[in-house]
Amino acid sequence: MSTLSVRQVRFRYLTLYGLRWLPTGLMVPVMILLMQERGLTLSQIGLVATAQGLVVLALELPAGGLADALGRKPALGVAWVIGLISLIIFAVADSFWLFFLVWALQGVYRALDSGPLESWYVDATLAADPHADYERGLGQAGTVSGLAIGVGALLGGGLVALGPVGPVSALTLPVLVAIVLYGVSLLALLVLLVETRPARGAAALRASLAEVPRMAGQAIGLLRRSRVLLALVAVELFWGFGMVTFESLLPIRLSEVVGGADRAAALLGPAGSAAWLANAAGAALTPFLLRRLGAAPAAALLRVLQGVTVVGMGLLAGPAGVLVAYLACYTVHGASNPLHNALLHRQVDGPYRTSVMSLNSMVGLPAGALGAVVLTALADRTSVSLAMLVGAVMLALAAPLYLPAWRAGRAAVPVPAAVGQPVGSAGAADAHAAVPADLDNVPARAR
C-alpha cells in the first residue's frame, strides 16, 4: 500500500487528523448560539440537525464501501470539499431552510469522512510492518484531536470576545477563520496522504462504484455474524443520543447560569479549549486503562462515568459547577473513543475496514439526530436540566453492550483467521495471525 515507514505513516496521520479537527474547535463555542442569533428556536435547531442524521443514514454505508473500493484519498478529498462548501453557506445562512441545507451537506461530509483516514492509517501501518502496534497511534490521534479542538475553541472564544468587525458579527468571525483552515487542511491532504490504488481514471471509477454494493453487503454480513461487532456498533445508539447533552445543550445550560448568550459564548471559548485539552489528557490515559482494566471493561466503566458527569452539568448550580462537570465529561470522552475504535478494528481486517467503521458511524449520527430532536424539544417544554438527565441515562445504558467484547477477549485463542472475516461470537482471534481479538489480552509493553 505504501513505501512509507511506520513512523512516517503515524506522523502524516496525526498531522492530517489535527488539521481536520482544528476548524471544528473554532465552531464549538458559536455553532448553536449563531443559529439562535439568526432567529432559530431550540426546537428548530434540533430539526435542522436531523438533516445530517438522515443523510448519514442514507449515505454512510455506501460512502464507506466507496472509500474501500475506490480509495481513501479520493473519498476524503470529496468529503473535505463538501465540508468547506457547507461552512461557506453557514457563514451567510439566515433562514431555517438554509441551515437545513448546511446540515444536509454536513451529513454528506460526515458520511464520506467517517473512517477513511483512520482506515488508511491502520492499513498503511500494517503494510509497512505487519506486526506494528497501531493502537498507540489511535490513542495519540485522540490526544491530537483534543489539542486541535482545544486550540480552535480558545481561538474561537477569543474572536467572539473581540466583538463584531464591521458588518461581521462576533459569532460569525470564527466561522470565517474556520473556512480558511478547511482550505489549508484540504491542501495538506493532497500532499501528505500517499495511497496506492490498483487503477485510476473513469474506468476505475465505474468499477469501484459497481463494487460499492458488494462491499457494503459484506460489511453487513460481518455485523450479522459477529455478536461482538453487533454489540459494539449498538453502543453508538446510546452514545450518539446522549452526546447531544454536552455538544448542543451545554451552551444553552451555560447561558442560563451566566445570564446571556454572548457571555456564554465568551466563556465557552476558554472552557471549550480546556475541555478538549482534558479530552486529550483522557486519550493519553488509554495505555493505563488497557493495562489496568482491559479495553472492554474500561470502555463500559467510562460509559457510566460519562453519564454521571452529564448529571453534574444538568444539576450543579453556578458556572463553576457546570464547567467542572463539563471538563470531567470531556476527559472521559477522550479516553472512551480510542478504546471503542480499537475494539472495532480488532473485529475486522482487509478491504472492509472502512465499511465497518461507517456502519458504526451510521448508527451513531442518526441516533444523535434523534437525540437532538427529542432532547431539544424536552428542553423547550420542561427544562434544559431535565433534558440533560435523560441524556445522561442513555449514555450509561450503553455500558452492558461491551460485555460480549469482554467475554470474547477472555476466551480468545490467537489463531489465524481469513482476511475480511469477522471475529466469531465465541471470541476467535482477529484477522492478524497470533494477535488476540480483544485488547484485553495485549500485553501492556506491546502498546
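Residues numbered from 1 in each chain as written. Predicted model: local features only at pLDDT ≥ 70, side-chain atom pairs only at ≥ 80, totals over all residues. Heavy atoms only, no water.

## Re the overall build of the chain
Reasoning step 1: Helix and strand counts for the chain stand at 18 helices and 0 strands.
Reasoning step 2: The burial tally for the chain puts 59% of its 447 residues in the buried class.
Reasoning step 3: Taking the intrachain contacts of the chain between residues at least 6 apart in sequence as the baseline, contacts between residues at least 24 apart amount to 84%.
Reasoning step 4: Carbon and sulfur atoms form 70% of the exposed surface of the chain, whose accessible area is close to 16,800 Å². (Helix = DSSP H or I, 4+ residues; strand = E, 2+ residues; numbered from the N terminus. Buried < 20%, exposed > 50% of the residue type's maximum accessible area, 1.4 Å probe, protein only. Contact = heavy atoms within 4.5 Å. Areas by Shrake-Rupley, 256 points an atom, 1.4 Å probe, with all protein chains shown as cover.)

## Topic: helix α10 (residues 227–242)
Reasoning step 1: Along its 16 residues, α10 runs 23 Å from first to last C-alpha, staying within 8% of the 22 Å computed at 1.5 Å per residue.
Reasoning step 2: Taken across its 16 residues, α10 has 12 buried, putting it largely inside the fold.
Reasoning step 3: Residues Val228, Leu229, Ala231, Leu232, Val233, Ala234, Val235, Glu236, Trp239, Gly240, Phe241 and Gly242 constitute the buried set of α10. (Expected span 1.5 Å × (residues − 1).)

## A look at the packing of helix α1 (residues 6–27) against helix α8 (residues 173–192)
Reasoning step 1: Running from amino to carboxyl end, α1 crosses α8 at an angle of 165 degrees, the nearest separation of the two axes being 8 Å. Classified by the angle their axes make, α1 and α8 are roughly antiparallel. In this structure, α1 meets α8 at a crossing whose hand is left-handed. Residues Arg12, Thr15, Leu16, Leu19, Arg20, Leu22, Pro23, Leu26 and Met27 of α1 pack against Pro174, Val175, Val177, Ala178, Leu181, Tyr182, Ser185, Ala188, Leu189, Val191 and Leu192 of α8.
Reasoning step 2: Grouping the amino acids of the contact of α1 with α8 by side-chain chemistry returns 16 nonpolar, 2 polar and 2 charged. (Axes fitted to C-alpha atoms, helices over the stretch in contact; angles between N-to-C directions. Parallel < 35°, antiparallel > 145°, perpendicular 65-115°, else oblique. Left-handed = near helix turned anticlockwise from the far one by under 90°. Nonpolar A, V, L, I, M, F, W, Y, C, P; charged D, E, K, R; others polar.)

## Details of the environment of Leu126
Reasoning step 1: With respect to the helices and strands, Leu126 occurs in helix α6 (residues 116–128).
Reasoning step 2: Residues Leu126 and Val6 lie 120 residues apart in sequence; the distance between their C-alpha atoms is 8.1 Å.

## A short note on a nonpolar patch on the surface
Reasoning step 1: A cluster of nonpolar residues, Leu187, Leu190 and Val191, forms a patch on the protein surface that exposes about 320 Å² of accessible area.
Reasoning step 2: Positionally, Leu190 belongs in helix α8. (Patch = residues over 30% accessible without salt bridge, like charges linked within 9 Å, V, L, I, M, F, W, Y side chains within 5 Å. Salt bridge = Lys/Arg side-chain N within 4 Å of Asp/Glu carboxyl O.)

## A short note on the pattern of salt bridges
Reasoning step 1: Scanning all chains against the criterion turns up 3 salt bridges.
Reasoning step 2: Salt-bridge contacts for Asp123 lead to Arg72; the nearest nitrogen and oxygen are separated by 3.1 Å. Of this pair, Asp123 sits in helix α6 while Arg72 sits in helix α4 (residues 72–92), and the two are 51 residues apart along the sequence. For the residue pair Asp123 and Arg72, the accessibility class agrees, reading buried in each case.
Reasoning step 3: Where Arg253 meets Glu256, a salt bridge forms, and the shortest distance between an N and an O atom there is 3.5 Å. With a gap of 3 residues between them, Arg253 and Glu256 both fall in helix α11 (residues 244–258), about one helical turn apart.
Reasoning step 4: Here Arg253 falls in the buried class, since its relative accessible area comes to 9%.
Reasoning step 5: Residue classification places Glu256 among the partly exposed residues on the basis of a relative accessible area of 44%.

## Considerations on the packing of aromatic side chains
Reasoning step 1: Inspection of the entire model under this criterion finds 10 aromatic pairs.
Reasoning step 2: Here the aromatic rings of Tyr13 and Tyr121 are separated by 4.3 Å at their centres, their planes lie at 10 degrees, and the arrangement is stacked. In this pair, Tyr13 sits in helix α1 while Tyr121 sits in helix α6, placing the two residues 108 residues apart along the sequence. Summarising the burial analysis for this pair, Tyr13 and Tyr121 share the class buried.
Reasoning step 3: The structure contains a cluster of three or more aromatic residues connected by ring pairs, namely Tyr13, Tyr17, Trp21 and Tyr121.
Reasoning step 4: Between the NZ or CZ atom of Arg20 and the centre of the ring of Trp21, over which it lies, the distance is 3.7 Å.
Reasoning step 5: Geometry around Trp239 places Arg303 over its ring, the cationic atom sitting 4.1 Å from the centre. (Phe/Tyr/Trp six-rings, centres within 6.5 Å; stacked < 30°, edge-to-face > 60°. Lys NZ or Arg CZ within 6 Å of the ring centre and 35° of its normal.)

## So, the side chain of Asp113
Reasoning step 1: You can see Asp113 is positioned in helix α5 (residues 96–113).
Reasoning step 2: Reaching out from Asp113, the side chain makes a polar contact with the side chain of Arg20 at a distance of 2.9 Å. (Polar contact = N/O pair within 3.5 Å; in protein donor to acceptor, adjacent residues only side chain to side chain.)

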